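Structure at a glance
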Amino acid sequence: MSTSLRHPALDAWGDHDRDDPFPLFAQVRAAGPVHPVRLADGHPAWLVVGHAEAKAALNDPRLSKDMHAALARSGEVVAEGLPGPALARHMLAVDPPDHTRLRRLAAPAFSRRRVDGLQDRVRAIVAHLLDGLAARGDEVVDLVAGYAFPLPFTVVSELLGIPEPDRADLGRWFRTLLAPHSWPPPAEAVAASDAIVGYLTALLDHKRAEPGEDLVTDLVVAADRDGALTTQEMLSTIFQLVVAGHDTTTSLIGNATVALLRHPAQRDALVAVPDLVPRAVEEAMRWDPPGQHSTFRYATEDVRIGDVVIPAYAQVIVSLAAANRDPARYHDAESFDIHRTDGGHLALGHGIHHCLGAPLARLEGRIALGALHTRFPAMRLAVDPAQLRWGHGDGLVLRGLSELPVRLCG
């Protein structure tokens, strides 16, 4: 693509319209599947937006996830972010064999059998939250604060063994940390990050002294028994599981509900035929994924993606949202259609880093959407769709609604 035709957004990628980035994604994708960009934080990178190219990039072992190795080579490769490299020794920030070892330790908690066993508990939490919304009698309720956030946060807290009295503070700290902010981060984000690190450190000590039937205890036992992972790896893993275990599912529930309310005929079809709920979840993840871009990667050598050679040691960002609407892969790609027959998507990644919690996210999404829209079949948005704000998330990887005001009974 010639310089004269280069889209100006490519020189501050991540600083685009968060409320409706899809027209921009389409323009950039039409100009080519791979582009050199400068991120909004000033770091250079290569952006992948085509579906075939994105799928190839996500599965290419030459695109490393080892943030520590990248930082050791050059500070120009990646911004450290919060909480920083000290908590970047989890499965999304390392390569095999460390990735294989860390993923294996956490995998039993997210196995299909274990997740299937959570169905009744998820349904109970959903029913409790919906009863609470109905009992308020408010004309307008915020589905993010009252439903989409507390459901997955409660589920992941129970899986990890986070005591119920601690969850309100921990949830508030994570929401502050994951709110969009500039670099260097503001004082409140630093304070939230420090509070999270302090809390998770104390949680490890607590589980060592008073073991429970939970994943944090399992990690502590593995570390103490045979040195299977370090304290840094335990803290990093717990931090990553809390974020991945609640934030993306919160956004999935919110984004899917907005999509259905903006397409009332499809919402009505889902209410009439509950078997459509799984399709609605998958189409929502394709059409408006919670993770707009993949997490950090960098090239360990020159890597050809499509017709472009990405130079060694460059950072690579894969736009899952852009790839999921590639007309070369999907018919009428920009349309939301729960009856779609050419499904499949990259919202949960691809290759060895495919989302470990995918079965749980799908279970929660199906139960949450099915129960919500069955309970309140006349629910509608309380504001014009143009007034909705996707102001939650880091501005690049995560994107979620700040709030979702609805009228439950139409």
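The structure under discussion appears in the preceding block.
This section reports on the structure supplied with the text. For clarity, every value in this text was computed on a predicted model and none was experimentally measured.

A few words on the sheet that holds strand S2 (residues 44–48). The mixed open sheet is built from 5 strands, whose spatial order is S1-S2-S8-S5-S3. Across the chains shown, the open sheet's two edge strands, defined by having one partner strand only, are strand S1 (34–38) and strand S3 (63–64). With 2 bridges connecting them, strand S5 (residues 297–299) and strand S8 (residues 315–318) associate as antiparallel partners. Residue tyrosine 298 lies in a different strand from S8, and its bridge partner there is glutamine 315.

Buried within helix H4 (residues 98–106) are the following residues: His99, Leu102 and Ala106. Buried residues of H4 fall within an arc of 75° about the axis and therefore sit on the same side. Buried residues in H4 make contact with helix H11 (215–226) and helix H12 (231–262).

Another point: the environment of proline 150. Along the chain, proline 150 turns up in helix H8 (residues 150–160). Remark: the alpha-carbon pair of proline 150 and aspartate 20, spanning 130 residues in sequence, is separated by 25 Å. Contact partners of proline 150, with chain neighbours within four places excluded, come to Leu129, Val144 and Ala145.

As a further point, take unusual backbone geometry. Between proline 96 and proline 97 the backbone carries a cis peptide bond, its omega angle lying at 5°. By secondary structure assignment, the location of proline 97 is in the loop between helix H3 (67–73) and H4. Positive phi outside glycine occurs at tyrosine 313, with the angle close to 75°. When you line up the elements, tyrosine 313 lands in the loop between strand S7 (308–310) and S8. Owing to a relative accessible area of 36%, tyrosine 313 belongs among the partly exposed residues under this scheme. One non-glycine residue with positive phi stands out, namely aspartate 332, at about 50°. For aspartate 332, a relative accessible area of 46% translates into the label partly exposed.

Calculation rules
Residues numbered from 1 in each chain as written. Predicted model: local features only at pLDDT ≥ 70, side-chain atom pairs only at ≥ 80, totals over all residues. Heavy atoms only, no water. Pairing = 2+ DSSP bridges. Helix = DSSP H or I, 4+ residues; strand = E, 2+ residues; numbered from the N terminus. Buried < 20%, exposed > 50% of the residue type's maximum accessible area, 1.4 Å probe, protein only. Arc of directions from axis to C-beta. Contact = heavy atoms within 4.5 Å.

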